[in-house]
Structure formats: structure tokens, C-alpha cells
Amino acid sequence: MGLLSVIRKQKRRDREVRVLVLGLDNAGKTTIVRRLLGDDEAAVRRTAPTEGFCIRTLVLKGGYRFHFWDIGGHRALRSYWRNYFERTDAIIWVVDATTPHRIKGEAAQELAALLSEPSLYQVPLLIIANKMDLLAAEPVSSVRKALGIDAFCVAGAAATIATATIATPTSRRTPLEANQQTASDTMASTWAQAWPADELSQLDGRRPIHVMPCSAYTGEGLSNALDWLAQQAIQRLYRFDTRGDLRSSPSCVLSEQQHSVAL
Ligand SMILES: Nc1nc2c(ncn2[C@@H]2O[C@H](COP(=O)(O)OP(=O)(O)OP(=O)(O)O)[C@@H](O)[C@H]2O)c(=O)[nH]1
Ligand SMILES: [Mg+2]
């Protein structure tokens, strides 16, 4: 039995899932993790740049322990990212949707490097287009385009991609979002169909990628994002479990632990 198989077997027994939360500095990684963990409003809204990393653990229904490794995204820290790649079960890549220039340049480059990592091959990737509460936020379709995700498919990087949208209040819509109003409203009512069951059974040998618009401030979109991630990660590690108990929602959170380390 290979080492990977041994590790997988152990993880399955322990129901441990390791999730790397990566992205450029100021993207909103720590805010997202705090929102997911249900921290109080003051803690969610008052973050400081992460100097090293912080591990937060969510226990989801079914006893699955999701360890979120929130790692600092400042340029000086990025060379340390690879120290955490080993035994990763899922990646959350966060972008600040109000910074199209950074998404197209720095973020796209870092993401491309990440996806070419052999140790992360086949690891599910959730891309969060964050800060959708702000008027300056680009629509998720533009974020996806700027990141160059489609090119990974064309280049044969074997990805399955789905994109979802959230319905932004009309008063807060950017001109671009307003143009997409009809499509956006339709998608918002079909969240559950964003990743059909068929898709899950076809993922062997490929990397599932999902692009989700969210606001860590309001929490909008995050529950659905976690839901997708949980299903992908668990399906990958524990493929014999049923999907019935994987539907995550805040009520599925049973406990949490915290551990921080500065580099
Ligand atoms: N308006 C708005 N601001 C946000 C949102 N998420 C995060 N922010 C703000 O963006 C800034 C950066 O957030 P962090 O969560 O610290 O960013 P980070 O990605 O962890 O940054 P590093 O730790 O430096 O890598 C903070 O001022 C947050 O309050 C959001 O959804 N909406
Ligand atoms: Mg941080």
C-alpha cells in the first residue's frame, strides 16, 4: 500500500480534512475564516494582516473536522506557502473582487503557480470572489476571466468549472452587475443546482473548480461556498459516505478550536 493510501485511510478513520486558505494580502482570508467559524461581529470586522498562519477547526455534521489553514498572503510570506501543501484536501483561493488589476496580474500568476504544483494535483479548488458588498466589486464572471481559469482547461490542466452568482441588492449593484440582472436573479434561485450530483461522480482524475461570489462582511454566499467545499473534500477522501449528511449550514457546526503560529 502506498504512503498516500495509508494517509488517506488514516484520515478517513479520523474524519480529518485539511483546507488551505490562500490568496493575496488584503483579499479577506482571515475575515472569511472568522465568519465561517461564527466569531462575533467585532472580531470579523477587525482583522490585522496575518504574519504567519492560523488554524481554525470546524466540526461539521457527521463528525468531519475541517481544519482551515489561514496563511498570510503578503508577498514576503508566499514562499512559505509550499510548506503547507503536503496532505492538503481542499484549497480556498480568495480574491478581492474590487481590485481587478491585482486579480489579473499578481493573483492570476500566483494561482497559476499553485495549480502547477504536483502535490496539489486533483485537490478541489474553491475560488471566492470576496467583498461583493462593495459597489466597486467586479461581477464573478469578470473575476473568473481575469484569473484566466478557462485557460487552465484549454491547456489541459483537467478542471471542471462551475460559476455561481449571488443576487446583490439592486441599490448596491455595480453597472456591470445591473447589466446581468436577469441572469443573476435566475442563478440565485438555483444555487442547489450549481453542482449537480452527476458532476461529483465524474470527477475522478480531474480537479473540480468552483468560483463563488461572497461577502465576508455580510456572510452572503459563504454558507453555499462551504457546502460545495465540504462535499468536494469529503467526496474525495471518503467516497463511500453518503451525501445526505454533508449539507452544511451554520447549524451543522458543532465545535471549534484555534491555533495560531507566527513565522
Ligand atoms: N467591505 C468588505 N471588506 C472586507 C471583506 N472581507 C474582508 N474585508 C476587509 O479587507 C481587509 C483585509 O481583510 P483580511 O481578512 O485581513 O485579509 P487577508 O486576506 O487575511 O490578508 P493577509 O492576512 O494580509 O493575507 C480588512 O480591512 C477587512 O475588514 C468583505 O467581504 N467586504
Ligand atoms: Mg489574514
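What counts, and where the lines are drawn
Residues numbered from 1 in each chain as written. Chains lettered and ligands numbered in written order. Predicted model: local features only at pLDDT ≥ 70, side-chain atom pairs only at ≥ 80, totals over all residues. Heavy atoms only, no water. Phe/Tyr/Trp six-rings, centres within 6.5 Å; stacked < 30°, edge-to-face > 60°. Helix = DSSP H or I, 4+ residues; strand = E, 2+ residues; numbered from the N terminus. Buried < 20%, exposed > 50% of the residue type's maximum accessible area, 1.4 Å probe, protein only. Lys NZ or Arg CZ within 6 Å of the ring centre and 35° of its normal. Polar contact = N/O pair within 3.5 Å; in protein donor to acceptor, adjacent residues only side chain to side chain. Donors = N, O, S within 2.8 Å, 3.2 Å for Na, K, Ca; no water. Salt bridge = Lys/Arg side-chain N within 4 Å of Asp/Glu carboxyl O. UniProt positions renumbered as here; feature names shortened; annotations may be inferred. 1 Å grid on protein atoms, 1.4 Å probe; cavity = no way out; pocket = protein on both sides within 12 Å on 5 of 7 lines; lining within 4 Å. Contact = heavy atoms within 4.5 Å. Pairing = 2+ DSSP bridges. Core = buried A, V, L, I, M, F, W, Y, C linked by side-chain atoms within 4.5 Å.

Notes on the packing of aromatic side chains
Under the counting rule described, the total for this entry stands at five aromatic pairs. Between Trp 69 and Tyr 84 the ring centres are 5.8 Å apart and the planes differ by 50 degrees, which places this aromatic pair in the tilted class. Of this pair, Trp 69 sits in strand β3 (residues 64–71) while Tyr 84 sits in the loop between β3 and β4 (90–96); the two residues are 15 residues apart in sequence, bridging distant segments of the chain. For the residue pair Trp 69 and Tyr 84, the accessibility class agrees, reading buried in each case. Between Trp 81 and Trp 93 the ring centres are 5.8 Å apart and the planes differ by 85 degrees, which places this aromatic pair in the edge-to-face class. Pair noted here: Trp 81 is in the loop between β3 and β4 and Trp 93 is in strand β4, with a separation of twelve residues, a long-range link. Like Trp 93, Trp 81 is buried. Counting every residue linked through ring pairs, the aromatic cluster contains Phe 53, Trp 69 and Tyr 84. Taking NZ or CZ as reference, Arg 18 lies 4.1 Å from the ring centre of Trp 69, over its face. The ring of Tyr 217 carries the charged tip of Arg 45 above its face, separated from the ring centre by 4.0 Å.

A short note on the environment of Arg 15
Structurally, the position occupied by Arg 15 is in the loop between α1 (3–14) and β1 (16–23). When its relative accessible area of 28% is taken as the criterion, Arg 15 is described as partly exposed. For the pair formed by Arg 15 and Leu 237, sequence separation is 222 residues and the distance between their alpha carbons is 8.7 Å. Separated by 2.4 Å, the side chain of Arg 15 and the backbone oxygen of Gly 62 make a polar contact.

Digging into the coordination of the magnesium ion (ligand 2)
Binding of the magnesium ion (ligand 2) to the protein goes through Thr 30 (OG1) and Thr 50 (OG1), at separations of 2.0 to 2.1 Å. One end of the pair, Thr 30, is in helix α2 (residues 29–37); the other, Thr 50, is in the loop between α3 (41–45) and β2 (53–60), and 20 residues separate them in sequence.

As for the pattern of salt bridges
Summed over all chains, the structure comprises twelve salt bridges. The closest approach of N and O atoms between Glu 106 and Arg 75, which form a salt bridge, is 3.2 Å. With Glu 106 in helix α4 (residues 100–115) and Arg 75 in the loop between β3 and β4, the pair connects residues that are 31 residues apart, well separated along the chain. For Glu 106, a relative accessible area of 19% puts it in the buried group. When its relative accessible area of 54% is taken as the criterion, Arg 75 is described as exposed. Here Glu 106 makes a salt bridge to Arg 102, at a shortest N to O gap of 3.1 Å. Taken together, the positions of Glu 106 and Arg 102, both in helix α4 and four residues apart, correspond to about one turn of that helix.

Considering the UniProt feature "binding site: Mg(2+)" (unreviewed entry) in the protein
The feature "binding site: Mg(2+)" (unreviewed entry), as given by UniProt, occupies Thr 30 and Thr 50 in the numbering adopted here. In summary, the annotated positions, though distributed over 21 residues, converge in three dimensions, the widest C-alpha pair being only 7.6 Å. Among the annotated residues just listed, those that line the largest pocket are Thr 30 and Thr 50. Among the residues examined, Thr 30 registers a relative accessible area of 12% and is labelled buried. Discounting residues that sit within four places of it in the chain, Thr 30 has contacts with Thr 47, Thr 50 and Asp 70. Setting aside its immediate chain neighbours within four residues, Thr 50 contacts Thr 30, Asp 70, Gly 72 and Leu 77. Of the polar contacts made by the side chain of Thr 50, one reaches the side chain of Thr 30; its length is 2.9 Å.

Re the pairing of β1
Taking burial as the measure, the eight residues of β1 include seven buried ones, the bulk of the element. One ladder, built from six bridges, connects β1 with β3; its direction is parallel. Along β3, the bridge assignment pairs Arg 18 with His 67. Bridge analysis of β1 against β4 gives five bridges, and the strand direction is parallel. Looking across to β4, one finds that Val 21 is bridged to Ile 92.

A word on the nonpolar core
In terms of nonpolar packing, the biggest core is built from 34 residues, with Trp 93, Leu 111, Ile 127 and Leu 147 touching the most fellow members. Elements represented by at least two residues in this core include exactly β1, β2, β3, β4, α4, β5 (125–130), α5 (140–147) and β7 (207–213). The contacts of Trp 93, once residues within four sequence positions are left out, are Leu 22, Gly 23, Trp 81, Ala 107, Glu 110, Leu 111, Leu 114, Leu 125, Leu 126, Ile 127, Ile 128 and Leu 147. Counting residues in hydrophobic clusters, the runner-up holds 30 residues, among them Val 19, Leu 36, Ile 128 and Ala 225.

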